[in-house]
Amino acid sequence: QVQLVESGGGLVQAGDSLRLSCAASGRGFSMYAVGWFRQAPGKEREFVAAITSSGLTTYTADSMKGRFTISRDNVKNTVYLQMNSLTPEDTAVYYCASRRGGSRGSLLTIAEYDNWGQGTQVTVSS
C-alpha cells in the first residue's frame, strides 16, 4: 500500500485557479487507480474526479466538468487536480485516495477506495 500526501490547497478568491497534488510514496503506484473527493463542513464526502492506473481514462463529476481536470504522472508518482474558475461552493477539504488494480467496481463510488491521504484545505472567498 502506498502512502498518499495531498498538497496545493490554500485561500484563493473566486475565479482563481489551484493545482492540487497527490504524491505517493512506496512502490507500485502505477498499479493503482486514484480518485479525488471533497468534503465541506456538515456535508457528505463527494466524488470529484478519478483516473485509471494507466491514465487512459478519466472521470469528472458533472458539476465540475469543464473546470476541473485530473491527470497523473506515473514517473513522478503524482496525481494532479487542476481546478479553474473556483467559487465559494468549492470550499472543502480535498482528499485523494487509491484503489488497487483488479477491482470491478465503479471509480465514482467512494467504497471502491481503501487508501486515503490526509486531505488539503481549499478555501474560496467571494
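Counting restarts for each chain: residues are numbered from 1 in the order of the written sequence. In keeping with the model being predicted, local features are shown solely for residues with a pLDDT of at least 70 and side-chain atom pairs are shown and tallied solely at 80 or more, while totals for entire chains, interfaces and linings include all residues. Water and hydrogen atoms play no part in the side-chain values, which are based on all heavy atoms of the structure.

S.K.: Which parts of the structure should I look at to understand the overall build of the protein?
M.R.: For the protein, the count of helices and strands is 0 helices and 11 strands. Note on conventions: DSSP H or I runs of at least 4 residues are helices, E runs of at least 2 residues are strands, and numbering of each starts at the N terminus. Reading the secondary structure of the protein in the N-to-C direction produces β-β-β-β-β-β-β-β-β-β-β. Taken over C-alpha atoms, the radius of gyration is set against a globule rule of 2.2 Å times the number of residues to the power 0.38. In terms of overall size, the protein behaves like a compact globule, its C-alpha atoms giving a radius of gyration of 14 Å where 126 residues would be expected to give roughly 14 Å. Each of the three principal axes of the protein carries a C-alpha extent, and together these read 40 × 25 × 25 Å. When burial is assessed residue by residue, the protein has 43% of its 126 residues classed as buried. Any two residues having at least one pair of non-hydrogen atoms within 4.5 Å are treated as being in contact. By sequence separation, contacts in the protein at least 24 residues apart represent 58% of the contacts at least 6 residues apart. In this description, accessible areas are obtained by the Shrake-Rupley approach with a 1.4 Å probe, and a residue is regarded as covered only by the protein chains that are shown. Of the roughly 6,500 Å² of accessible surface on the protein, a fraction of 46% belongs to carbon and sulfur atoms. Three labels apply to residues, based on accessible area from a 1.4 Å probe with only protein chains included: buried if under 20% of the type maximum, exposed if over 50%, partly exposed otherwise in between.

S.K.: Explain the environment of Thr123 to me, please; I cannot follow it from the model alone.
M.R.: Secondary-structure assignment places Thr123 in strand β11 (residues 120–125). Owing to a relative accessible area of 28%, Thr123 belongs among the partly exposed residues under this scheme. Along the chain, Thr123 and Val12 lie 111 residues apart, while their C-alpha atoms are 6.3 Å from each other. At a separation of 3.3 Å, a polar atom in the side chain of Thr123 contacts the side chain of Gln121. N or O atoms within 3.5 Å of each other form a polar contact, as long as, within protein, one can give a hydrogen and the other can take it, and as long as residues adjacent in sequence are counted only when both atoms are side-chain atoms.

S.K.: Help me out: how do you make sense of the sheet that holds strand β8 (residues 78–83) in this one?
M.R.: Two orientations exist for strands paired in a sheet by backbone hydrogen bonds: parallel and antiparallel. With antiparallel pairing, 4 strands are arranged side by side in an open sheet as β1-β3-β8-β7. Looking at the sheet topology across the chains shown, the edges are occupied by β1 (3–7) and β7 (68–73). Averaged over all pairs of adjacent strands, the angle between strand axes in this sheet comes to 15°, irrespective of strand direction. Strands are labelled as partners when DSSP assigns at least two bridges between them. Helix axes are fitted only over the stretch in contact, all axes being lines through C-alpha atoms; the angle between N-to-C directions runs from 0 to 180 degrees.

S.K.: Can you walk me through the packing of aromatic side chains in this structure?
M.R.: The description of an aromatic ring pair rests on the distance of the ring centres and on the angle between the ring planes. Pairing of aromatic side chains here covers Phe, Tyr and the six-membered ring of Trp, requires ring centres within 6.5 Å, and sorts the geometry by plane angle: under 30 degrees stacked, over 60 edge-to-face, intermediate tilted. Overall, the coordinates contain 5 aromatic pairs when judged by the stated rule. Where Tyr95 meets Trp116, the ring centres are 6.4 Å apart and the plane angle is 80°; that geometry is what we call edge-to-face. Remark: Trp116 occurs in strand β10 (residues 115–116) and Tyr95 occurs in strand β9 (residues 92–100); sequence separation between them is 21 residues. Judged by its relative accessible area of 27%, Trp116 falls in the partly exposed class. Through a chain of ring-to-ring contacts, the aromatic side chains of Phe37, Phe47, Tyr95, Tyr113 and Trp116 assemble into a single cluster. Its guanidinium or amino end placed over the ring of Tyr80, Arg19 lies 3.9 Å from that ring's centre, counting from NZ or CZ. Comment: the charge-over-ring label is applied if NZ (Lys) or CZ (Arg) is within 6 Å of the ring centre and within 35 degrees of the ring normal.

By themselves, these are just geometric observations and shouldn't be taken as functional.
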